[in-house]
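Residue-level structure breakdown
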Amino acid sequence: SGIKITNETNTSGTSILVHPDGERSFLHSTGANRTFGIEDIDFDIIKDFYIIHIGGTFLMPKFDGKQTEETLKKAKEIGLITVLDTAWDATGKWFPLIEGTLKYIDYFLPSYEEAKMITGKVKVEEISEFLLSKGVKNVGIKMGENGSYIANSKEKYYFPPLKVNVADTTGAGDGYVAGFIAGLVKG
């Protein structure tokens, strides 16, 4: 239940091309993400959950910005923990598009590159301070081979990367977010 189906557009999808040096290129078709909007959300279903996670901000043109802000505001009003992850903003709107959402985010988990573009800052400490000053409660910056940096108004920590044999980093950021949310759910 709670899934909306349309015949008006295709499912969104991304093909990730991994270059020999490990860099990646993304070929993205927005599909249904292009038409997704706040009217597609059933808040009666959402109120029965503990956490709302919005992933792929900057890939949902209708929903990004004001509609994301309104969704997060409603989620906070019904007592949910809010988590937001971003994607690369190919339109270059960055901060102006996300600014209104920040005061409703409990856990903001952008990549380092995305966080730099959003804030205009380079040092992770300055990035997190900027985001915290805009209302975000907790910032977790994914830094790839450099681990992650997590901060709130009381604590700041660097976490080194796990020691694993890396075959391909595709999906690592999404895996990080999934593990982070699982940690929240488990207390």
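Residues numbered from 1 in each chain as written. Predicted model: local features only at pLDDT ≥ 70, side-chain atom pairs only at ≥ 80, totals over all residues. Heavy atoms only, no water.

1. Quick look at the overall build of the protein chain
Along the backbone of the protein chain there are 7 helices and 8 strands. Its C-alpha atoms give the protein chain a radius of gyration of 17 Å, near enough to 16 Å, the size a compact globule of 187 residues would have. Going through the 187 residues of the protein chain one by one, you find that 38% of them count as buried. When contacts within the protein chain are restricted to residue pairs at least 6 apart in sequence, long-range pairs at least 24 apart make up 57% of them. Per element, the accessible surface of the protein chain, about 11,200 Å² overall, is 54% carbon and sulfur. (Helix = DSSP H or I, 4+ residues; strand = E, 2+ residues; numbered from the N terminus. Rg over C-alpha atoms; globule rule 2.2 N^0.38 Å. Buried < 20%, exposed > 50% of the residue type's maximum accessible area, 1.4 Å probe, protein only. Contact = heavy atoms within 4.5 Å. Areas by Shrake-Rupley, 256 points an atom, 1.4 Å probe, with all protein chains shown as cover.)

2. Focus on the environment of A75
In this structure, A75 sits in helix α3 (residues 66-77). Spatially, the C-alpha atom of A75 lies 21 Å from that of S133, the residues being 58 residues apart in sequence.

3. A word on the pattern of salt bridges
Tallied over the entire structure, the rule returns 7 salt bridges. Between K47 and D44 there is a salt bridge; the shortest N-O distance is 3.8 Å. Overall, the relative accessible area of 46% leaves K47 in the partly exposed class. As a salt-bridge pair, E69 and K103 come within 3.6 Å of each other at their nearest N and O atoms. Remark: K103 occurs in the loop between α4 (95-98) and β5 (107-108) and E69 occurs in helix α3; sequence separation between them is 34 residues. The class for K103 is partly exposed, based on a relative accessible area of 41%. Each of the salt bridges in this network shares a partner with another, and the network as a whole consists of K66, E69 and K103. (Salt bridge = Lys/Arg side-chain N within 4 Å of Asp/Glu carboxyl O.)

4. Things to note about the packing of aromatic side chains
To describe a pair of aromatic rings, one takes the distance between the centres and the angle between the planes. One pass over the full model with this rule turns up 8 aromatic pairs. Taking 5.4 Å as the distance between ring centres and 65° as the angle between the ring planes, the aromatic pair formed by F95 and F130 counts as edge-to-face. With F95 in helix α4 and F130 in helix α6 (residues 124-133), the pair connects residues that are 35 residues apart, well separated along the chain. Arranged with centres 6.0 Å apart and planes meeting at 45°, the rings of Y157 and F159 form a pair that is tilted. Clustering of aromatic rings is evident, with ring pairs tying together F58, W88 and W94. (Phe/Tyr/Trp six-rings, centres within 6.5 Å; stacked < 30°, edge-to-face > 60°.)

5. What to know about the nonpolar core
By size, the foremost hydrophobic cluster in this structure holds 33 residues, and its most contacted members are L102, F108, I118 and L131. Taken together, the elements giving at least two residues each to this core come down to α2 (43-46), β3 (51-57), α3, α4, α5 (112-119), α6, β6 (138-142) and β7 (148-151). Ignoring any residue separated from it by four or fewer positions in sequence, one finds L102 in contact with F95, F108, L131, K134, G135 and V136. Counting 10 residues, the second largest nonpolar core, distinct from the first, contains I81, V83, Y107 and F180. (Core = buried A, V, L, I, M, F, W, Y, C linked by side-chain atoms within 4.5 Å.)

6. Observations regarding the sheet that holds β6
Reading across from one edge, β3-β4-β5-β6-β7-β8 is the order of the 6 strands in this open sheet, with mixed pairing throughout. Two strands close off the open sheet at either side, each with one partner strand: β3 and β8 (156-159). With 4 bridges joining them, β6 and β7 adopt antiparallel strand pairing. Looking at β7, one finds that G140 is bridged to I150. Contacts between α6 and the sheet are confined to β5, β6, β7 and β8, with β6 contributing the most and set at about 145° to the helix. (Pairing = 2+ DSSP bridges. Axes fitted to C-alpha atoms, helices over the stretch in contact; angles between N-to-C directions.)

Any link to function would need more than the numbers given here.
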